[in-house]
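# Examining the three-dimensional arrangement
Here is what each chain is made of, one letter per residue.
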Amino acid sequence: MNKREFLKTSGILLSGATLSRLVSAESNQTAGPRTNWAGNLTYSTDHLYTPASVEEVQQTVKRLDKLRALGARHSFNAIADSTANQISLEHLDEMTIDDKAHTVTVGAGVRYGKLAPYLDTQGYALNNLASLPHVTVVGACSTATHGSGIHNGNLSTIVSAIEFVNADGSLSTLSRAKDGDTFNGAVVALGALGVVTRITLDLLPTFTMRQVVYENLSFDQLQHNLDTIFGSGYSVSLFTDWQNHRATQVWIKSVVKTGEPANMPPEFYGAKLATKKLHPIAGHDATPCTEQMGIPGPWYERMPHFRMNFTPSSGAELQTEYFVAREHGYEAILAVEKLRDRITPHLFITELRTIAADNLWMSMAYQRDSMAIHFTWKPEWPAVREILPLIEEQLAPFDPRPHWAKLFTIPPRPLELKYEKLRDFKSLLKQHDPDGKFRNAFLDKNLYTV
């Protein structure tokens, strides 16, 4: 597998002019079948609307009976699918910094790869980033997507306000400052609350980071040192192929203090310091990866695993991820490891990450410091589909919560029971979308079966 393969794998009366733009936007986007980023899902409708303004979003929402918002298409399941209509806000790409409030407000089409360098030039940073910078801010926050770090919440935890279009076409804004716990229910809304048009994020002063990689960490070290190992840097990830009872690599990303030399001891809990830049899969070209070897650089060029100028196309991979309480992380790893010989033949790589607890109702880390066990699979869905229930069975004692935008087979009833605020969440959705305009088969199955 070469480096490119892994990146592919790692309603209303409208004015005539406005209607013409909307129809044109739709027809320009629907030539042939449309798929998600990975290519494992073909969307169930050829009706895609790409409005150029918030006003056009409102008009589109009001005149359609059913629709789903579509982000960067990085979801591996049908969460963004629709048999009726989809709406992409890719043209809403403004970015506005409020220096007094230390926030940035971005349009729903903005991706982290565009936002992060802009913030850095203005002296600001985000507290966390995902592995790939190519996803949209709104899409990532709506599904509680995350990076890594024992003290870092998922990407949606720094959201301070959201603007969205209700089912009737009206515009609403909710904020942390004025809407209390209701806001916690609205941030990770899975696209069901409305069509998010703008989102506001808290900012930090810009900072510098370095990344150091170690090879071959025995899982035995995690029994008594899991928190220390995952807390050894600002962001820490372990990679494994599940063979030989070890993590093949440990990636430690640390904040650089002015004048502080790189701390690169030759061993880390028995793992050996890498002597060259590495790809997560041993033996593959590391060019697409962010700089290692302790070389300092901007936060946004170290926190992701892959460089922003390596843009992935639709690719051959599948992804699955389960969140368990961090306190049970070691036991969960051992449970999955029992399936190693079933897993490894169909796996590109597994990444182990930590995420701090939050109070966002539908977040996988809701009120639970978590460890995420992430699988990047080869595009072998029949085999993967058979393996997932086995993994879920092994993890069942640890109450796993699957990532909303990735592949899982946990039945609806057990899934619903994992979210104690689900009843309140449904009530909130009813207020803004009384007839289920933004619901689809995925949500009906996983949130409304019971």
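Below: a short report on this structure. (Residues numbered from 1 in each chain as written. Predicted model: local features only at pLDDT ≥ 70, side-chain atom pairs only at ≥ 80, totals over all residues. Heavy atoms only, no water.)

Tallying secondary structure elements over the protein gives 13 helices and 20 strands in all. A principal-axis box enclosing the C-alpha atoms of the protein has dimensions of 70 × 50 × 45 Å. Going through the 450 residues of the protein one by one, you find that 58% of them count as buried. Surface summary for the protein: the accessible area is close to 17600 Å², and the carbon and sulfur share equals 50%. When the 44 basic and 47 acidic side-chain charges of the protein are each reduced to a single mean position, those positions are 2 Å apart. (Helix = DSSP H or I, 4+ residues; strand = E, 2+ residues; numbered from the N terminus. Buried < 20%, exposed > 50% of the residue type's maximum accessible area, 1.4 Å probe, protein only. Areas by Shrake-Rupley, 256 points an atom, 1.4 Å probe, with all protein chains shown as cover. Lys, Arg positive; Asp, Glu negative; His and termini not counted. Charge placed at Lys NZ, Arg CZ, Asp CG, Glu CD.)

Describing two packed helices takes the angle between their axes plus the distance from one axis to the other. Interhelical geometry of helix α7 (residues 222-230) versus helix α8 (residues 329-337) gives an angle of 120° and a closest axis separation of 9 Å. The orientation of α7 with respect to α8, classified from their angle, is oblique. On α8, the residues touching Leu222, Gln223 and Leu226 of α7 are Gly329, Tyr330 and Ile333. Of the residues that constitute the contact of α7 with α8, the class distribution is four nonpolar, two polar and no charged. (Axes fitted to C-alpha atoms, helices over the stretch in contact; angles between N-to-C directions. Parallel < 35°, antiparallel > 145°, perpendicular 65-115°, else oblique. Contact = heavy atoms within 4.5 Å. Nonpolar A, V, L, I, M, F, W, Y, C, P; charged D, E, K, R; others polar.)

On to the side chain of asparagine 36, then. Tracing the backbone shows asparagine 36 in the loop between α2 (16-28) and β1 (48-49). For asparagine 36, a relative accessible area of 0% corresponds to the buried category. A polar side-chain atom of asparagine 36 sits 2.7 Å from a polar atom in the side chain of asparagine 40. Within the structure, asparagine 36 has its side chain in polar contact with the backbone oxygen of serine 75 (distance 3.0 Å). (Polar contact = N/O pair within 3.5 Å; in protein donor to acceptor, adjacent residues only side chain to side chain.)

A few words now on the sheet that holds strand β3 (residues 86-88). Read from one edge of the open sheet, three strands run β1-β3-β2, paired in parallel fashion. Each of the sheet's edge strands pairs with one partner strand only, and the pair in question is β1 and β2 (68-70). In the sheet, β2 pairs with β3 via three bridges, with the strands oriented parallel. Residue pairing across strands places leucine 70 opposite serine 88, the latter belonging to β3. (Pairing = 2+ DSSP bridges.)

We now examine the packing of aromatic side chains. Across all of its chains, the model carries 12 aromatic pairs by this definition. With 5.6 Å between their ring centres and 75° between their planes, tryptophan 299 and tyrosine 300 make a pair best called edge-to-face. On the basis of relative accessibility, which here comes to 0%, the residue tryptophan 299 falls in the buried class. Members of the aromatic cluster, joined through ring pairs, are Phe207, Tyr234, Trp299 and Tyr300. (Phe/Tyr/Trp six-rings, centres within 6.5 Å; stacked < 30°, edge-to-face > 60°.)

This part takes up the pattern of salt bridges. Evaluated as defined, the whole model comprises 17 salt bridges. Aspartate 202 is paired through a salt bridge with arginine 176; the nearest N and O atoms lie 2.9 Å apart. Of this pair, aspartate 202 sits in strand β9 (residues 195-202) while arginine 176 is found in helix α6 (residues 176-187), placing the two residues 26 residues apart along the sequence. Classification of aspartate 202 as partly exposed rests on a relative accessible area of 26%. Looking at arginine 176, the relative accessible area reads 37%, which means it is partly exposed. The salt bridge partner of glutamate 291 is lysine 277, with a shortest N-O separation of 3.7 Å. With a gap of 14 residues between them, glutamate 291 in the loop between β15 (271-273) and β16 (297-298) and lysine 277 in the loop between β15 and β16 connect regions that are remote in the sequence. (Salt bridge = Lys/Arg side-chain N within 4 Å of Asp/Glu carboxyl O.)

With that settled, the discussion passes to the pairing of strand β17 (residues 318-325). In terms of burial, β17 is largely enclosed, as eight of its eight residues are buried. The pairing of β17 with strand β19 (residues 370-377) spans eight bridges and is classified as antiparallel. Bridging across to β19, glutamate 321 finds its partner in histidine 374. Taken together, the two bridges between β17 and strand β20 (residues 401-402) define a ladder with antiparallel strand orientation. Looking across to β20, one finds that tyrosine 322 is bridged to proline 402.

Reading across the sheet, the five strands line up as β4-β5-β9-β7-β8 and stay open at both edges, with antiparallel pairing between neighbours. Both edges of this open sheet fall to β4 (95-98) and β8 (171-175), since each of them pairs with a single strand only. Neighbour-to-neighbour, the strand axes of this sheet turn through a mean angle of 15°, independent of strand direction. Here five bridges tie strand β5 (residues 103-107) to β9, and the two strands are oriented antiparallel to one another. Looking at β9, one finds that threonine 103 is bridged to aspartate 202. Strands β7 (159-165), β8 and β9 of the sheet are contacted by helix α3 (residues 54-63), whose axis makes an angle of about 140° with β9. Seen against the sheet, α6 touches β7, β8 and β9 and runs at an angle of roughly 105° to β8.

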